[in-house]
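The residues making up each chain are set out below.
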Amino acid sequence: MSAPIAPLHGAQGHGTVVLPEGTDARVLQAARRIADERLANVVLVGSAAELTAAASDAGIALDGLTLVDPAASPRTIGYVARYRERRLVSAVVADRLLR
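Residues numbered from 1 in each chain as written. Predicted model: local features only at pLDDT ≥ 70, side-chain atom pairs only at ≥ 80, totals over all residues. Heavy atoms only, no water.

Caption draft 1: How the structure looks around the pattern of salt bridges. Here the structure, examined in full by the defined rule, presents three salt bridges. A salt bridge links Asp-36 to Arg-32, with the shortest nitrogen-to-oxygen separation between them at 2.9 Å. In this pair, Asp-36 and Arg-32 both sit in helix 1 (residues 25-36), four residues apart, roughly one turn of the helix. Residues Arg-33 and Glu-37 are paired through a salt bridge, measuring 3.0 Å at the closest nitrogen-oxygen approach. (Salt bridge = Lys/Arg side-chain N within 4 Å of Asp/Glu carboxyl O. Helix = DSSP H or I, 4+ residues; strand = E, 2+ residues; numbered from the N terminus.)

Caption draft 2: Examining helix 2 (residues 48-58) more closely. When helix 2 is considered as a whole, its buried residues turn out to be Leu-51, Ala-54 and Ala-55. With its buried residues spanning 100 degrees around the axis, helix 2 presents them on a single face. Turned more than 90 degrees away from the buried face of helix 2, the exposed residues are Ala-49, Ser-56 and Asp-57. Its buried side turned inward, helix 2 meets helix 1, strand 2 (40-45) and strand 3 (66-68). The positive-phi residue at the C-terminal boundary of helix 2 is Gly-59, with phi of around 70 degrees. (Buried < 20%, exposed > 50% of the residue type's maximum accessible area, 1.4 Å probe, protein only. Arc of directions from axis to C-beta. Contact = heavy atoms within 4.5 Å.)

Set out below in structure tokens:
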């Protein structure tokens with residue numbers, strides 16, 4: 001049995017965890033556990049088809065997890081802008097993120 005995970009914001013777990021490597025079985029296991037223990041909202045970033053296939057291969061249900069495909073999401077530009085602000089990323093790097 002694995003060690004307990006501490007809630008992100010007290011016992012209520014009101015935080016959000018965004019996981020860009022959602023096709024990795026270990027990431028999917030962690031996402032499922034975080035959601036099941038109601039520690040935080042979980043967002044998996046990637047193609048819905050790839051995320052679904054990876055979860056199926058790993059035997060992990062995606063219910064209760066949010067899937068965001070950056071290629072199809074109208075919010076991607078806003079996410080990149082916010083990332084750039086918070087991380088002081090150059091415009092060149094931000095442009096690469098949008099490709």
